[in-house]
2 protein chains.
Amino acid sequence: MFSKACEYAIKAAIFITSSSEEGERVSLIQIAKEIDSPEAYTAKVLQKLTKNNIVNSIKGPSGGFEIKPKSANKIKLSQIVTAIDGDSIYNGCALGFGKCNDQKPCPVHFQFIGIRNDLKALLQTTTLKTLSQDIHNGITFLKQ
Amino acid sequence: MFSKACEYAIKAAIFITSSSEEGERVSLIQIAKEIDSPEAYTAKVLQKLTKNNIVNSIKGPSGGFEIKPKSANKIKLSQIVTAIDGDSIYNGCALGFGKCNDQKPCPVHFQFIGIRNDLKALLQTTTLKTLSQDIHNGITFLKQ
DNA sequence: ATTATTTCGGACATTTTTGTCCTTTATTAA
DNA sequence: TTAATAAAGGACAAAAATGTCCGAAATAAT
Ligand code: FES
Ligand code: FES
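Residues numbered from 1 in each chain as written. Chains lettered and ligands numbered in written order. Predicted model: local features only at pLDDT ≥ 70, side-chain atom pairs only at ≥ 80, totals over all residues. Heavy atoms only, no water.

By the element assignment, B:Leu142 lies in the segment after α8 (128–136). Distance in space between the C-alpha atoms of B:Leu142 and B:Asn56 is 20 Å, their sequence separation being 86 residues. (Helix = DSSP H or I, 4+ residues; strand = E, 2+ residues; numbered from the N terminus.)

Quick look at the structure:
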């Protein structure tokens, strides 16, 4: 469904949101530990999130990553997914046609558009804030 | 969503079904041409389908691949997917946890189980026969 | 029997994804 | 100013997925 990079991105963004709610910037090292991901690779992922203005990065001592609570409200999962994995989840075809296309649909097109639309809706409505609250309330977890 | 190998497998199986309805065995070369896939790689995929008793292969002149119309009725998409991609689509976690787990769910677990269940249902109810009929009726296509 | 055809299967090659290492740049604090 | 800290980013490495090549095995027709 998502690439590893995207999985790390989502988990990292949730952790950063969650820490920022408590006024704490977090470092790469903390993030990688918390979401159980390889440090250097996670760094690359975070750079992409930074360039896409999803997270804010601050260099130097007492620096780190943060996401203002104000914007955590507005950031949807879909923004993270497209930043890392591109828009294949939106325009791609389940059977690998260049683009999903109503005019010349692949064999599973009509079965899949329903599910894909549900997925789109989910990604476009779920915010980082929501996900971070679930973590805070102990109903979901960042690692197993 | 699916691996390339699985995409080829699904398309190949549909084409074989469709040809078998008309009493025609098809060769690897015909299949690869029809579904627009690399020949040798498609051969590997077909070998897996053969070992999983999803398609029937006959060596030698006038040999090729076939799927008895009788069984095309019973073969579900899910069988092909699990034969090629394993059961990650059923047990895997959207964010890469070892297994999806209600007791220690990942941050998107509750959002995704609905969609995954829909996907499961779809794969478990869609038969090769149905898909091959759509091809036959010209409402779906094997290549773009 | 011989030959031609077609799948099987092992070995290898390429590409993509994932992961690592190390230097540079920015920033803070002493 | 200097030293310490932390992200940025380039280069490289490993692993996985995808793709190719070629000979072996089975089968049918001649
Ligand atoms: S054409 Fe394949 S999913 Fe739409
Ligand atoms: S635990 Fe991640 S999808 Fe269920």
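Here the narrative resumes.
The two chain copies are related to each other by a rotation about an axis together with a translation along it. Superposition record for chain A on chain B: RMSD 0.0 Å, screw rotation 180 degrees, translation along axis 0.0 Å. What the superposition gives is, in effect, a two-fold axis relating one chain to the other. The position closest to the rotation axis in chain A is occupied by the C-alpha of A:Met1, lying 2.4 Å away. Most of the interface of chain A is mirrored in chain B: 100% of its interface residues are interface residues there too. (Least-squares fit on C-alpha atoms with pLDDT ≥ 70 in both. Contact = heavy atoms within 4.5 Å.)

Right, let's get into the protein's contact with DNA strand D. Taken together, 24 residues sit near DNA strand D, with A:Leu28, A:Lys44, A:Ser57, B:Pro38 and B:Pro61 positioned nearest. Across the atoms of DNA strand D situated within 4 Å of the protein, the share located in sugar and phosphate is 60%. Contact between DNA strand D and A:Gln47: a base nitrogen at 3.1 Å from a side-chain N or O atom of the residue. Contacts to DNA strand D include B:Lys59, whose side-chain N or O atom sits 3.5 Å from a sugar or linking oxygen. With 4 residues, helix α3 (residues 39–51) of chain A is the single largest residue contributor to the surface near DNA strand D. (Near = heavy atom within 4 Å. Polar contact = N/O pair within 3.5 Å; in protein donor to acceptor, adjacent residues only side chain to side chain.)

The biggest cluster of nonpolar side chains holds 90 residues, and the ones touching the most others in it are A:Leu123 and B:Leu123. Excluding its chain neighbours within four sequence positions, the residues that come into contact with A:Leu123 are A:Phe2, A:Lys76, A:Leu77, A:Ser78, A:Val81, A:Ile89, A:Tyr90 and B:Phe112. (Core = buried A, V, L, I, M, F, W, Y, C linked by side-chain atoms within 4.5 Å. Buried < 20%, exposed > 50% of the residue type's maximum accessible area, 1.4 Å probe, protein only.)

Glancing now at the interface of chain A and chain B. On the chain B side, the residues contacting the 39 residues of chain A number 39 residues. Across the chain A to chain B interface the summed buried area is about 3300 Å²; carbon plus sulfur atoms make up 69%. When the buried surface of chain A facing chain B is broken down by residue, A:Leu95, A:Pro107 and A:Gln144 rank first, second and third, together holding 20% of it. Along the contact surface separating chain A from chain B lie 0 salt bridges. For the pair chain A and chain B, the number of links is 10 residue pairs in polar contact (both at pLDDT 80 or more). Within the residue set of the side of chain A that touches chain B, elements represented by two or more residues are α1 (4–21), α7 (109–125) and α8 (128–136) of chain A. In terms of residue count, α7(A) provides more of the side of chain A that touches chain B than any other element does, 8 residues in total. (Buried area = accessible area lost by both parts, 1.4 Å probe. Salt bridge = Lys/Arg side-chain N within 4 Å of Asp/Glu carboxyl O.)

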